[in-house]
Amino acid sequence: MNAQTFFTSEEKTRIEQAVTEAEKRTAGEIVPILVSASGTYAEVELLGMSVGLVLGTLAALIFHDPWAYVHSQLLWPLGGAALGFLLCTVPAVKGQFIARHRIAEAVHSRSLAAFTAHGLHHTKAHTGILIFVSLLEHRAIVLADRGINEKVAPGTWDEVVQMLTSGLKSGNACEAFCRAIERCGAILTQHFPRSADDVDELSNKLVTE
């Protein structure tokens, strides 16, 4: 679930080439971003530690040895808390205990932060578009700047989001990214065809964080 190593160098090149090809036909600026997670969700580790502590305490009571040192009896709750904490750091486990509304809030906030941090709101004609994927949550978001939103209905990007989430679930993430970029380029070309003096304002490389 590490965004830095999720794609091979060849796959990253494919995605960059997909952006380059898409932008040959449009004045839009497409930025693909892949992040490991959109939030820390520390409450999940806290829950795991609390449950482990309770179970460890129960185990200490059940297997209580009146001749044992008090310190040895403390190993049960402490070990349970440590085990619960560690289990909840495993992405496959952690993802099962994050509330849906927390995921939605975190991914939305993280995508907005990325949109600003990478300058998509500073393009000349306000035609920046962010293709954002968060691995831990298996969520994707497409955010467009106001120049695009004035001409393209918000629901237009739903099919692109579906492409990305389906690709993540099926293990074809690179292909899904390339198809999503191509589709965004096709939609943008209808409203923002590339002019002869168009300048590539933003990097075409996949951003990983």
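In short, a report on the structure. The numbers attached to residues start from 1 for each chain and follow its sequence in the written order. In keeping with the predicted nature of the model, local features appear solely for residues at pLDDT of at least 70, side-chain atom pairs appear and are counted solely at 80 or more, and the whole-chain, interface and lining totals rest on all residues. With hydrogens and water stripped out, all remaining heavy atoms of the structure feed into the side-chain values.

1. Considering the environment of L61
Following the sequence through the fold, L61 ends up in helix α3 (residues 42-62). Looking at L61, the relative accessible area reads 63%, which means it is exposed. A C-alpha to C-alpha distance of 32 Å links L61 and G95, two positions 34 residues apart in sequence. Comment: elements are numbered from the N terminus, with helices defined as DSSP H or I runs of at least four residues and strands as E runs of at least two. Three exposure classes are used, based on accessible area relative to the maximum for each residue type with a 1.4 Å probe and protein chains only: buried under 20%, partly exposed in between, and exposed over 50%.

2. Regarding the side chain of T208
Take T208: it is sitting in strand β4 (residues 207-208). Look at T208 and you get buried, because its relative accessible area is 18%. Pairs of N or O atoms are called polar contacts if they sit within 3.5 Å, as long as, within protein, a hydrogen donor faces a hydrogen acceptor (for residues adjacent in sequence, only side-chain-to-side-chain pairs). Within polar-contact distance, the side chain of T208 engages the side chain of Q4 at 3.1 Å. Whether two residues are in contact is decided by their heavy atoms, any of which lying within 4.5 Å being enough. Among residues more than four places away in sequence, those in contact with T208 are A3, Q4 and L34.

3. Some details on helix α5 (residues 75-87)
Along an α-helix, a turn takes 3.6 residues, which lines up residues three or four apart on a common side. Helix span, expected: 1.5 Å multiplied by one less than the number of residues in the helix. Helix length check: α5 (13 residues) gives 18 Å between terminal C-alpha atoms against 18 Å at 1.5 Å per residue, within 8%. Here α5 has its buried residues at P77, G80, A81 and G84. Viewed end-on, α5 has its buried residues packed into an arc of 100°, placing them on one side of the element. Among the exposed residues of α5, those oriented more than 90 degrees off its buried face are L75, L78, L83 and L86. An arc is given here, and it is the one of the directions from the helix axis to the C-beta atoms.

4. Quick look at the pattern of salt bridges
Salt bridge, as used here, is a side-chain nitrogen of Lys or Arg placed within 4 Å of a carboxyl oxygen of Asp or Glu. Following the criterion strictly, the structure yields 7 salt bridges and no others. Across the salt bridge formed by K94 and E45, the nearest N and O atoms sit 2.8 Å from each other. With a gap of 49 residues between them, K94 in helix α6 (residues 91-94) and E45 in helix α3 connect regions that are remote in the sequence. We classify K94 as buried; its relative accessible area is 8%. Here R183 ties to E159 by a salt bridge, and the two come within 3.2 Å at their closest N and O atoms. With R183 in helix α10 (residues 173-191) and E159 in helix α9 (residues 158-170), this residue pair connects regions lying 24 residues apart in the sequence. Overall, R183 belongs to the partly exposed group, its relative accessible area being 29%.

5. Things to note about the sheet that holds strand β2 (residues 128-134)
Two strands are said to pair when DSSP picks up at least two bridges between them. Strand order in this open sheet of 4 strands is β3-β2-β1-β4, and the pairing throughout is mixed. Two strands in the sheet have a free side with no partner beyond their single neighbour: β3 (139-144) and β4. Alignment of strand β1 (residues 29-35) against β4, held across 2 bridges, turns out to be parallel. From the neighbouring strand, L34 faces β4, where its bridge partner is T208. Of the strands in this sheet, β1, β2 and β3 are in contact with helix α7 (residues 100-117), which crosses β3 at around 40°. Contacts from α10 reach β1 and β2 within the one sheet, and its direction differs from that of β1 by about 155°. Axis definition: a line fit to C-alpha positions, over the contact stretch in the case of helices; interaxial angles, taken between N-to-C directions, run 0 to 180 degrees.

6. So, a nonpolar patch on the surface
Exposure above 30% relative accessible area and no salt bridge define the residues that can form patches, which grow by joining like charges within 9 Å and nonpolar side chains of Val, Leu, Ile, Met, Phe, Trp and Tyr within 5 Å. Residue exposure ignores everything except the shown protein chains as possible cover, and the areas themselves are Shrake-Rupley values with a 1.4 Å probe. The grouping of L47, V51, V54, L55, L58, L61, I62, F63, W76 and F97 at the surface amounts to a nonpolar patch, some 1,000 Å² of accessible area in total. A per-element tally of the nonpolar patch places α3 first, with 7 residues. Following the sequence through the fold, F97 ends up in the loop between α6 and α7. The exposure class assigned to F97 is partly exposed, which follows from its relative accessible area of 48%.

7. A closer look at the side chain of T165
By the element assignment, T165 lies in helix α9. Non-local contacts of T165, meaning those with residues more than four positions away in its chain, are made with H138 and A140.

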